Amino acid sequence: MIYDRILVRYGELSIKGKNRKYFKNALHKIIRRKLRGLDQLKYEVTRDRFYIILNGTAPELVTEQLDKVFGLQSYSLAARCENEIDAIKALALEIINEQPKVPTTFKVETKRSDKQFPMQSGEISRGVGAHLLINTDHLSVDVHNPDMTVFVEVRREGTFIMADHIKGLGGFPVGISGKGLLMISGGIDSPVAGYLMQKRGVEIEAIHFASPPYTSVRSKQKVLDLMEKNAHYAPVDSIDVHVVPFTELQTAIYENIPSSYTMTVMRRMMYRIAEGIAKKREILVLANGESLGQVASQTLASMYAINAVTNMPIIRPVATLDKNEIIEIAKQIDTYDISIRPYEDCCTVFVPEHPATNPSLEKCIEFEQNFDFESLVQKCIDNTEIITVHAGEIIELEDNTACPLNDLF
C-alpha cells in the first residue's frame, strides 16, 4: 500500500480565532471515537493539519467513517517521503502508476511551507511533472481540466504527496453548539432537518408523538429507522428518541375543538410537551422539519399561533427549501426510501377536511379553555418512553394493526 496516512483539513473551524483550538479538539475527539476499534491507527496533530497514520489499516475503513464526520473541509490519502527532490519524484510516479483508474492527463500543484527547501514551488512542480512524462507513456499535461492532480506539500516534517481531495461534509463538529430536540413525524422533512442541525454542530435528541391504536407500530418503526440514519453522524453514534403516548390528549382535542382548529391546537400541545421534555433533558432549543407554506400548519399565521405557547427558540432548517431540494438531501443521507413507507403518523391520520390556514391566536386560547389540557400534557410528559437508537443497529418492533380511524368517534 502506497498511502501511509490520511490528511484531514479543517473547514469553517479555521476562522474561529481564539476558539479554534476548542473546535479542533472537539473534532479530533469525534474522529478518534468514530475510528475506535481500528487499533493500529495513530494520530499526529500540527497547527493546521491532522494526520491519521494508517500503519497497515485499509484506507477505506477510515474514509467510510470520515464521510460521517461534520467539521471536515476535505481529506486526502497521502504518502510521506523525505524532503529530497529525487524521493519526491519517485513517490509521485509510484502514486500515478497505482491509480485504480488510469489517468491520461495530469497536473502538479506544489505548496512549499518549508522555506529551507532549495527549490521554489514552481520548480518542484515542473521537475515532478517532467519526471512523470518521461517515465510514463500514457500521460499528457492539462493544467485546466486534468484527469488527476498530483498535490505536493513540502513541510518541515516531510513531503506529502496526494492524488485527490475528497470533499468532507463541512459544518461544525456535532455537539459543539449544544443540544436540540428534534420533532420527528416520519415524513421526508424532519430527518433532513435533523441532519442539517447536526451539520451546524447541534447534537440532537428526537421526539415522536404516537397515537396507538390509530397509528400502527410500523409508523413508530419508521421513525426509529430514520433516526438510525441520523445516528451515524452523532458523536457517540446514537440518538435518544422520546416516544410520547399522544392518544388520550389527541382524542380530547378532537372532542373539544372545532374541526378547522384541531390541527393548530394539536401542534400547540406538541410544542408544550416538547418544551417540557426539553427542560427535563436540559435542552435549550427545539427543531422541526417545517417548510414555509408547505401545509396548513406551516403558514406564517399558523406558525405564529402555534409558537405562542413557548419561549424556546425553534429552528427550522428546511424552512426556505422547496420539496425537491429537501428530497435531494433525503436521498443523499439515505432517509428518503424510509420516509415514503406508507405508514401514517398522528399528524396525517387526523387531518381535518378544512384546516385553518390563517388561525387566530385568540381563538386558539378560547377553544383550549374547553377542556383541561394541562393535566393531559403533563401526563404525556410523565409517560414518555425513551428508546436509544444506535448507528448500524436496527430495532425490530413487534408488528400490529392500526385501528380504523372511524372507531375514534
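Where an unreviewed UniProt entry is consulted, the protein appears under the name Probable tRNA sulfurtransferase, with the organism given as Turicibacter bilis. Checking UniProt for the protein, the heading Sequence similarities (unreviewed entry) contains the comment "Belongs to the ThiI family."

Participant: Help me understand the overall build of the protein, please; the structure alone is not making it clear to me.
Facilitator: For the protein, the helix and strand inventory stands at 14 helices and 15 strands. Overall, the protein is about 85 × 40 × 40 Å in size when its C-alpha atoms are taken along their principal axes. Taking all 409 residues of the protein together, 55% fall into the buried category. The contacts in the protein between residues at least 6 apart in sequence include a share of 79% that link residues at least 24 apart. Working note: accessible area of the protein is about 19,100 Å², and carbon and sulfur atoms make up 49% of it. Within the protein, the 54 negative side-chain charges are centred at a point lying 8 Å from the centre of the 46 positive side-chain charges.

Participant: Is there a simple way to think about the sheet that holds strand E15 (residues 385-390) in this case?
Facilitator: Remark on secondary structure: sheet strands pair via backbone hydrogen bonds, oriented parallel or antiparallel. In spatial order, the strands read E14-E13-E10-E11-E12-E15; together these six strands make up an open sheet with mixed pairing. A strand with exactly one partner marks an edge of an open sheet, and here the two such strands are strand E14 (314-315) and E15. Pairing geometry for strand E11 (residues 203-210) and strand E12 (residues 238-245), over five bridges, is parallel. Among the inter-strand pairings, His-208 is bridged to a residue of E12, identified as Val-243.

Participant: So what exactly am I meant to see when it comes to helix H4 (residues 121-134) here?
Facilitator: One turn of an α-helix holds 3.6 residues; hence residues three or four places apart share an orientation. Helix length check: H4, at 14 residues, gives a terminal C-alpha distance of 20 Å against a target of 20 Å (1.5 Å per residue), a fit within 8%. For H4, every residue scored as buried is listed here: Ile-124, Ser-125, Gly-127, Val-128, Gly-129 and Leu-132. On the buried face of H4, the contacting elements are helix H3 (85-97), strand E5 (105-112) and strand E7 (148-155).

Participant: Even after reading the chapter, I still don't get the UniProt feature "domain: THUMP" (unreviewed entry) in the protein, so can you show me in this structure?
Facilitator: As recorded in UniProt, the feature "domain: THUMP" (unreviewed entry) lies at residues 60-165. From the first C-alpha to the last, residues 60-165 spans 15 Å; its make-up is 32% helix and 31% strand.

Participant: Can you walk me through unusual backbone geometry in this structure?
Facilitator: Across the chain, the bulk of peptide bonds are trans and the bulk of non-glycine residues have phi less than zero. Here Pro-212 and Pro-213 are connected by a cis peptide whose omega angle stands at 5°. You can see Pro-213 is positioned in the loop between E11 and helix H6 (217-231). In the Ramachandran plot, Asn-55 falls in the positive-phi region, its phi being about 50° despite a non-glycine side chain. Positionally, Asn-55 belongs in the loop between strand E3 (50-53) and helix H2 (59-66). Its relative accessible area of 40% is what places Asn-55 among the partly exposed residues. Unusually for a residue other than glycine, Asp-237 sits at a positive phi of about 60°. With respect to the element layout, Asp-237 can be found in the loop between H6 and E12.

Participant: Hey, could you run me through the pairing of strand E1 (residues 5-10) in this one?
Facilitator: Every regular strand shows the same layout, with side chains that alternate between the two sheet faces. E1 sits mainly inside the fold: six of its six residues count as buried. Residues Arg-5, Leu-7 and Arg-9 point to one face of E1 and Ile-6, Val-8 and Tyr-10 to the other, with burial holding for every one of them. When E1 meets E3, the two strands line up antiparallel, connected through four bridges. Its bridge partner lying in E3, Ile-6 is registered against Ile-52. Here six bridges tie E1 to strand E4 (residues 72-81), and the two strands are oriented antiparallel to one another. Counterpart to Val-8 in the pairing with E4 is Tyr-75.

Participant: Explanation requested: the UniProt feature "binding site: ATP" (unreviewed entry) in the protein in the structure shown.
Facilitator: In the numbering adopted here, UniProt assigns the feature "binding site: ATP" (unreviewed entry) to Met-183, Ile-184, His-208, Phe-209, Arg-267, Gly-289 and Gln-298. For Met-183, the position within the fold is in strand E10 (residues 179-183). When residues no more than four places from it in sequence are discounted, the contact partners of Met-183 are Ser-190, Ile-207, Phe-209, Met-270, Tyr-271, Ala-274, Ala-287, Asn-288 and Gly-289. In this fold, Ile-184 is placed in the loop between E10 and helix H5 (189-199). Overall, the relative accessible area of 3% leaves Ile-184 in the buried class. Apart from the residues lying within four places of it in its own chain, the contact partners of Ile-184 are Ser-190, Pro-191, Ala-206, Ile-207, His-208, Val-223, Leu-226 and Met-227.

Participant: Hey, could you run me through the pattern of salt bridges in this one?
Facilitator: Side-chain pairing between opposite charges can occur once the charged atoms of the two side chains come close. For the structure on display, the rule yields 21 salt bridges. One salt bridge connects Glu-44 with Arg-5, and the closest N-O pair in it is separated by 3.8 Å. Of this pair, Glu-44 sits in strand E2 (residues 42-45) while Arg-5 sits in strand E1; the two residues are 39 residues apart in sequence, bridging distant segments of the chain. Judged by its relative accessible area of 37%, Glu-44 is partly exposed. Under the relative-accessibility criterion, Arg-5 is labelled buried at 7%. Arg-155 is paired through a salt bridge with Glu-153; the nearest N and O atoms lie 3.9 Å apart. The network of salt bridges with common partners includes Lys-179, Glu-205, Asp-240 and Arg-281.

Participant: Whenever I open this one, H3 confuses me. Can you help?
Facilitator: Helix length check: H3, at 13 residues, gives a terminal C-alpha distance of 19 Å against a target of 18 Å (1.5 Å per residue), a fit within 8%. Ile-85, Ile-88, Leu-91, Ala-92, Leu-93, Ile-95 and Ile-96 are the residues of H3 that are buried. In this structure, the buried residues of H3 make contact with E4, H4, E7 and strand E8 (158-162). Two or three places before Asp-86, at the start of H3, stands the capping residue Glu-84, its side-chain oxygen 3.0 Å from that residue's backbone nitrogen.

Reading guide: rules and limits
- Residues numbered from 1 in each chain as written.
- Predicted model: local features only at pLDDT ≥ 70, side-chain atom pairs only at ≥ 80, totals over all residues.
- Heavy atoms only, no water.
- UniProt positions renumbered as here; feature names shortened; annotations may be inferred.
- Helix = DSSP H or I, 4+ residues; strand = E, 2+ residues; numbered from the N terminus.
- Buried < 20%, exposed > 50% of the residue type's maximum accessible area, 1.4 Å probe, protein only.
- Contact = heavy atoms within 4.5 Å.
- Areas by Shrake-Rupley, 256 points an atom, 1.4 Å probe, with all protein chains shown as cover.
- Lys, Arg positive; Asp, Glu negative; His and termini not counted.
- Charge placed at Lys NZ, Arg CZ, Asp CG, Glu CD.
- Pairing = 2+ DSSP bridges.
- Expected span 1.5 Å × (residues − 1).
- Salt bridge = Lys/Arg side-chain N within 4 Å of Asp/Glu carboxyl O.
- Polar contact = N/O pair within 3.5 Å; in protein donor to acceptor, adjacent residues only side chain to side chain.

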